[in-house]
Amino acid sequence: MVRGRPAGLFVGLCTLDVIQLVDHAPGANEKLTAREQVVAAGGPAANAAVAFAHLGGTATLLTAIGRHPLGVGVTADLRTLGVTVADLAADSPQPPAVSSVLVTASTGERAVASTNATRHRLAPPDDLDALLAACGIVEFDGHHLGLAVAAARAARAAGRTTVFDGGSWKTGTEDLLPLIDVAVCSADFHPPGTHTPTDTLRFLREHGVARSAVSGGADPIAWAAPDAEGTVDVPPVQVADTLGAGDVLHGALAHHLALRSGRPTTQDFVAALNAAAAVASRACASFGTRAWMENQGPG
């Protein structure tokens with residue numbers, strides 16, 4: 001851990017993102033010329049780690065990338081942005097997962113196709129204890145679930161704060177939740193038998209998560225804790241691109257939580273949600289997953 005700076009370990013998916021800004025989603029057999037493109041490392045855990053590092057933390061990403069030339073480029077991109085990469089597929093010659101993303105210019109809405117984490121089954125690294133000792137907070141995006149559960153169990157034993165990014169429900173997530181201190185899920189995260197954010201918050205509480213929230217784009221973020229519940233407003237912004245906004249939210253949330261010692265109180269949680277919502281909202285004002293950092297300093 002760098003003295004005076006919060007340190008975080010991010011466990012989950014890393015992809016190569018190819019992002020195209022288009023006037024509309026193409027129809028069958030239609031070809032489009034994109035207005036702009038971004039090619040960068042992506043994935044929920046990776047983007048969260050980048051945001052954490054940009055805000056002044058030291059970030060380590062535990063993931064699978066590989067030694068294919070495209071994977072080498074992904075790793076180099078992350079290192080340029082201040083993220084240390086612990087690649088559990090470093091010897092794999094296969095290309096990394098690629099996310100093909102179309103962003104509609106008029107609305108900022110995106111469509112994504114990706115293989116995600118389906119190619120790899122990852123075991124915890126031999127130096128997991130050292131990685132945990134060097135950080136104060138650990139964030140999981142729900143991908144590479146076997147690795148996530150093992151790392152979360154070790155993080156809980158080591159007294160580290162654990163944070164969960166629930167983008168969508170995946171089989172096996174129920175094994176991870178009892179090891180999580182803070183969960184922030186999207187409106188698309190629907191555990192079995194749930195239909196509304198209230199249902200989801202109740203499900204998370206019943207499965208051992210003390211403090212949780214559900215985000216819904218520009219709508220207020222609903223949150224619940226053992227001693228209170230409420231909402232956090234999302235600052236309004238002219239939306240250019242919503243891709244990665246949830247990832248930025250989690251990176252900023254982890255950063256603000258890591259600034260405090262010990263497991264977060266409800267006051268810590270709500271303050272971090274407010275700060276993270278402001279950062280994520282700014283990220284939606286520009287195209288791609290990197291421009292917000294160029295336009296906005298770490299503060």
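Residues numbered from 1 in each chain as written. Predicted model: local features only at pLDDT ≥ 70, side-chain atom pairs only at ≥ 80, totals over all residues. Heavy atoms only, no water.

Caption draft 1: Spatial organisation of the sheet that holds strand E8 (residues 137–140). Pairing is mixed across the open sheet formed by nine strands, whose spatial order is E5-E4-E1-E8-E9-E10-E11-E12-E13. The two strands at the open ends of the sheet, each matched to only one other strand, are strand E5 (83–87) and strand E13 (228–232). Direction aside, neighbouring strands of the sheet carry axes that sit 15° apart on average. Bridging between strand E11 (residues 211–216) and strand E12 (residues 219–225) involves four bridges; their strand directions are antiparallel. Paired with Val214 across the two strands is Ala222, which belongs to E12. (Pairing = 2+ DSSP bridges. Helix = DSSP H or I, 4+ residues; strand = E, 2+ residues; numbered from the N terminus. Axes fitted to C-alpha atoms, helices over the stretch in contact; angles between N-to-C directions.)

Caption draft 2: Spotlight on the sheet that holds strand E6 (residues 98–104). Sheet architecture is open: four strands sit in the order E3-E2-E6-E7, paired in mixed fashion. A single partner strand is all that each edge strand has here, and the edge strands are strand E3 (36–42) and strand E7 (110–114). Within the sheet, the average angular offset between the axes of one strand and its neighbour, ignoring direction, is 15°. As paired elements, strand E2 (residues 15–22) and E3 share seven bridges and run antiparallel to each other. Of the residues in E3, the one forming a bridge with Asp17 is Ala40. Sheet contacts for helix H2 (residues 69–80): E2 and E3; angle to E3, the most-contacted strand, approximately 85°. (Contact = heavy atoms within 4.5 Å.)

Caption draft 3: Quick look at unusual backbone geometry. We note that Asn29 has phi near 65°; this positive angle belongs to a residue other than glycine. With respect to the helices and strands, Asn29 occurs in the loop between E2 and E3. By relative accessible area, which is 84% here, Asn29 ends up exposed. Positive phi outside glycine occurs at His144, with the angle close to 50°. Tracing the chain through its elements places His144 in the loop between E8 and helix H4 (145–157). (Buried < 20%, exposed > 50% of the residue type's maximum accessible area, 1.4 Å probe, protein only.)

Caption draft 4: Broad picture of helix H6 (residues 197–206). Buried residues of H6: Asp199, Thr200, Leu201, Phe203 and Leu204, and no others. Buried-residue contacts for H6 involve strand E10 (182–186), E11 and E12. Following H6 by one or two positions, Gly208 has its phi on the positive side, about 95°.

Caption draft 5: Geometry of the environment of Val38. By secondary structure assignment, the location of Val38 is in strand E3. The exposure class assigned to Val38 is buried, which follows from its relative accessible area of 19%. Sequence-distant contacts of Val38, that is, excluding residues within four places in its chain, are made with Asp17, Val18, Ile19, Phe287 and Gly288.

Caption draft 6: Representation of the side chain of Asp87 within the structure. Note on placement: Asp87 falls in strand E5. Here Asp87 occupies a buried position and makes no salt bridge, while the nearest side chain of opposite charge, Arg79, is found at 7.5 Å. (Lys, Arg positive; Asp, Glu negative; His and termini not counted. Salt bridge = Lys/Arg side-chain N within 4 Å of Asp/Glu carboxyl O.)

Caption draft 7: Structural context of the pattern of salt bridges. Per the stated rule, a full pass over the model turns up six salt bridges. Across the pair Arg156 and Asp181 runs a salt bridge whose closest N-O atoms are separated by 3.2 Å. A residue pair is termed long-range when its members are at least 10 positions apart, and Arg156 in helix H4 and Asp181 in the loop between helix H5 (173–176) and E10 qualify at 25 residues. For Asp181, a relative accessible area of 11% gives the class buried. Here Arg260 and Asp268 are joined by a salt bridge, their closest N and O atoms 3.2 Å apart.

Caption draft 8: The arrangement of the packing of helix H1 (residues 44–54) against helix H7 (residues 245–258) in detail. The geometry of H1 relative to H7 is characterised by a closest axis approach of 7 Å and an angle of 50° between their N-to-C directions. What the angle tells us is that H1 and H7 run oblique. Of the two elements, H1 crosses H7, and the hand of that crossing is right-handed. Counted together, Pro44, Asn47, Ala48, Ala51 and Phe52 of H1 and Asp247, Val248, His250, Gly251, Ala254, His255 and Ala258 of H7 form the full contact between these two elements. Within the contact of H1 with H7, the residues separate by chemical class into seven nonpolar, four polar and one charged. (Parallel < 35°, antiparallel > 145°, perpendicular 65-115°, else oblique. Left-handed = near helix turned anticlockwise from the far one by under 90°. Nonpolar A, V, L, I, M, F, W, Y, C, P; charged D, E, K, R; others polar.)

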